[in-house]
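Breakdown of the fold
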Amino acid sequence: MPAPAIVLFRRDLRIADNAALRAAIATGPAVALYVLDSAADGRPLGGAARWWLHHALARIGAQLRDLGVPLILRRGDQNTTVLDTAVEEQADAVYWNRRYTPWGIAADRALKAALRASGTTVGDFPGAYLREPWDLTTKQGNWIKVFTPFYRASLAMGEPPGPLQPPQPQLPPSVSTKSEALADWDLLPTKPDWAEGLRDTWPSEPGTAEARLSTFLEGRVSGYSRDRDRPDLDATSALSPYFAFGELSPRQAWHSARQFQGTSPGSDQGIDSFLRQLVWRDFSANLLYHFPDLGHRPFQEKFKRFPLSDDPSSLRAWQRGRTGYPWIDAGMRQLWVTGWIHNRVRMGVASFLCKHLLLPWQSGEAWFWDTLVDADPAQNIANWQWVAGCGADAAPYFRIFNPITQGTRFDRTGNYLRRWQPSAASYEPGSGGCQPIIGHKEGRERALAAFRSLAGRWESPG
Ligand SMILES: Cc1cc2nc3c(=O)[nH]c(=O)nc-3n(C[C@H](O)[C@H](O)[C@H](O)COP(=O)(O)OP(=O)(O)OC[C@H]3O[C@@H](n4cnc5c(N)ncnc54)[C@H](O)[C@@H]3O)c2cc1C
């Protein structure tokens, strides 16, 4: 039997459009490896993401089995585990798809050096984004810090590369390393089992990501640009957790959307708007790649001096959906039950935390990290900084989302309120029976004063 190649899986749990998997199979027998490493995302996965990971690994494990590629599951430090597994399997090559987070880049660079030093072939490939973050620059060759020019530059490069087909099945190699059992990883909550709402919202079946994409394109994309801000309608794709764990690649989504557009006159606006969101996803990755401190340093330096409040009780009220603002509490309840919130409501709850409550955006980001099934380092951090006003391309500081009018404006049918705050008759503070923890006018004035205290021009890092 020739030496097998190892394909290392991370947030790319798919068999289609997977360049590393194709490369491994192209050279002979292949073995897949997933390492549960608490440092893989710079911090341990949150509870909801652990739940998602369990099911995503079960899905990819079954698909890999059909391909003749055994999946080895192991816990520990990624690099030590890969090096050990390479020795145990007598592998002559290791392939992976690239990561772009600062911690991911550092770990993978060290792994590459160690493998090469041991005479092992290494190959790394793109595929997590539409483009590599270093491919998009200004005319002067600098990285792009504002979305609109980034979007234009991305479009100017033409269509992103098409997705790769899944590889052909192979004869499974014999494997000497014993895989750990997925069930032993305790990724699913048991005591208590809080995941009922997640199970109801995200049924785990093979091929779910592709099916969801087709349903979205065939049923909803035509109205997407009109309705995407309406949480009372099922108007968006809800594909974010599949992108976050790489069960669907953005290039697959992009090209399926283009294909659908070709057969569906009238879908142009919706498709363009959907594809623009995929470029936002690239943009967040681009920010974290070029500004690796994004997780703990404001993108705009002057925000280091922003006067923050230290009030654990208002943070708890926000987390538990007990702010007394039905729009905010509905969003936080949707998050708690389903592990996901509509983007319009995400912006609202995040703005409330950063502006009305003057809490550090990191405290909201950490809660999202723990409760979102689509928790993604770059998307979460970049969006929180954006809402807080200290990020790249941030909205003007005086734009403070109104938690009353946002509800009436975007939940036109009232379905969202009835679903997530049934005790509230309207979006008026206190209408659900819970007293508002801060008056809207008071919160807004306090936030404006805090922003004004950062006198001078808005700067961004060089
Ligand atoms: C405070 C805050 C935190 C967020 N944290 C995350 C996170 O951890 N993970 C995450 O995937 N998204 C995050 N988002 C972005 C966005 O809210 C979700 O991607 C979107 O709501 C997912 O729903 P969807 O799949 O139906 O999106 P659709 O409207 O169908 O859009 C299609 C895809 O485009 C991408 N996309 C959409 N909006 C954005 C955006 N604003 N920024 C970057 N990519 C976007 C997503 O991958 C999404 O699946 C956050 C937004 C805010 C305001």
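**Details of the sheet that holds strand β4 (residues 93-97)**
Across the sheet, 5 strands lie side by side as β3-β2-β1-β4-β5; this open sheet has parallel pairing. Looking at strand neighbours, the two that pair on one side only are β3 (71-75) and β5 (121-125), the edges of this open sheet. Here the strands of the sheet are splayed against their neighbours by 25° on average, with no regard to which way each runs. Strands in contact with helix α2 (residues 47-67) are β1 (5-9), β2 (30-36) and β3; relative to β3, the strand with the most contacts, it is inclined by about 150°. Strands in contact with helix α4 (residues 102-117) are β1, β4 and β5; relative to β4, the strand with the most contacts, it is inclined by about 165°.

**Re the domain arrangement of the protein**
The assigned domain composition of the protein is domain 1 (5-128), domain 2 (129-161 + 209-290) and domain 3 (301-452). Computed over C-alpha atoms, the centres of domain 1 and domain 3 are 36 Å apart. With 13 residues of domain 1 at the interface, the matching set in domain 3 holds 11 residues. Buried surface at the junction of domain 1 and domain 3, summed over both partners, amounts to about 860 Å²; 57% is from carbon and sulfur atoms. If you sort the residues of domain 1 by the area they bury against domain 3, Arg11, Arg43 and Ala48 come out on top, with a joint share of 51%.

**Brief notes about helix α1 (residues 19-26)**
Along an α-helix, residues three or four apart share an orientation, since each turn contains 3.6 residues. Most of α1 sits out of view: 6 of its 8 residues are buried. Residues of α1 that are buried: Ala19, Ala20, Leu21, Ala23, Ala24 and Ile25. In this structure, the buried side of α1 is in contact with β1, β2, α2, β4 and β5. A distance of 3.3 Å separates the backbone nitrogen of Ala20 from a side-chain oxygen at the start of α1, and that oxygen is part of Asn18. Where α1 ends, the next residue or the one after it, Gly28, has phi of about 140°, a positive value.

**Focus on empty space enclosed by the protein**
One pass over the structure, following the stated rule, counts 3 cavities of 30 Å³ or more. Roughly 70 Å³ of volume is contained in the largest cavity. As for the largest cavity, its lining consists of Trp280, Phe283, Ser284, Leu287, Ala382, Asn383, Trp386, Ala392 and Asp393. Of all the elements in the fold, those that place two or more residues in the lining of the largest cavity are α11 (268-290) and α16 (377-388). Of the residues forming the lining of the largest cavity, the biggest block, 4 residues, is contributed by α11.

**Considering the layout of surface pockets**
Of the volumes computed, that of the largest pocket is approximately 1100 Å³. Taken together, 38 residues make up the lining of the largest pocket; nearest its centre are Arg228, Gln277, Trp280, Asn343 and Asn383. Listing elements by their share of the lining of the largest pocket, those giving two or more residues are α9 (240-244), α11, α14 (343-356) and α16. In terms of residue class, the lining of the largest pocket is built from 18 nonpolar, 10 polar and 10 charged. Mapped onto the domain boundaries, the lining of the largest pocket takes at least three residues apiece from domain 2 (129-161 + 209-290) and domain 3 (301-452). For the second largest pocket, the calculated volume is near 580 Å³. For the second largest pocket, the lining is made up of 36 residues, of which Arg10, Arg11, Ala40, Asp41 and Arg99 are closest to its centre. Within the residue set of the lining of the second largest pocket, elements represented by two or more residues are β2, α2, α9, α11 and α16.

**A closer look at the side chain of Asp376**
Tracing the chain through its elements places Asp376 in the loop between α15 (361-371) and α16. Despite its burial, Asp376 remains without a salt bridge, the nearest opposite charge being carried by Arg11 at 4.6 Å. Once residues within four sequence positions are removed from consideration, Asp376 is found in contact with Arg11, Ala244 and Trp369.

**Things to note about the pattern of salt bridges**
Overall, the coordinates contain 20 salt bridges when judged by the stated rule. Arg226 serves as the salt-bridge partner of Asp227, at 3.0 Å between the closest nitrogen and oxygen. Each of Arg98, Lys112, Asp124 and Glu132 takes part in salt bridges that share partners, so that together they form one network.

**Re the environment of Gly414**
Tracing the sequence through the fold places Gly414 in the loop between α17 (405-410) and α18 (415-420). Separated by 333 residues in the primary sequence, Gly414 and Thr81 place their C-alpha atoms 52 Å from one another.

**Description of the packing of α14 against α15**
Contact geometry for α14 and α15: axes closest at 8 Å, N-to-C directions at 140°. The angle between α14 and α15 falls in the class oblique. The handedness of the crossing between α14 and α15 is right-handed. Each of Arg346, Val349, Leu353 and Cys354 in α14 lies in contact with α15, whose residues at this interface are Trp361, Ser363, Gly364 and Phe368. Here the residues of the contact of α14 with α15 are counted per class, giving 5 nonpolar, 2 polar and 1 charged.

**A few points about the packing of aromatic side chains**
Evaluated as defined, the whole model comprises 28 aromatic pairs. Ring geometry for Phe147 versus Phe283: centroids 5.6 Å apart, planes at 70°, classification edge-to-face. You can see Phe147 sitting in helix α5 (residues 147-156) and its partner Phe283 sitting in helix α11, a full 136 residues away along the chain. The same class applies to Phe147 and to Phe283, which are both buried.

Parameters and conventions
Residues numbered from 1 in each chain as written. Predicted model: local features only at pLDDT ≥ 70, side-chain atom pairs only at ≥ 80, totals over all residues. Heavy atoms only, no water. Pairing = 2+ DSSP bridges. Helix = DSSP H or I, 4+ residues; strand = E, 2+ residues; numbered from the N terminus. Axes fitted to C-alpha atoms, helices over the stretch in contact; angles between N-to-C directions. Contact = heavy atoms within 4.5 Å. Domains from an automatic or database assignment. Buried area = accessible area lost by both parts, 1.4 Å probe. Buried < 20%, exposed > 50% of the residue type's maximum accessible area, 1.4 Å probe, protein only. Polar contact = N/O pair within 3.5 Å; in protein donor to acceptor, adjacent residues only side chain to side chain. 1 Å grid on protein atoms, 1.4 Å probe; cavity = no way out; pocket = protein on both sides within 12 Å on 5 of 7 lines; lining within 4 Å. Points joined across faces, edges and corners; volume = space filled by probe spheres on them. Nonpolar A, V, L, I, M, F, W, Y, C, P; charged D, E, K, R; others polar. Lys, Arg positive; Asp, Glu negative; His and termini not counted. Salt bridge = Lys/Arg side-chain N within 4 Å of Asp/Glu carboxyl O. Parallel < 35°, antiparallel > 145°, perpendicular 65-115°, else oblique. Left-handed = near helix turned anticlockwise from the far one by under 90°. Phe/Tyr/Trp six-rings, centres within 6.5 Å; stacked < 30°, edge-to-face > 60°.

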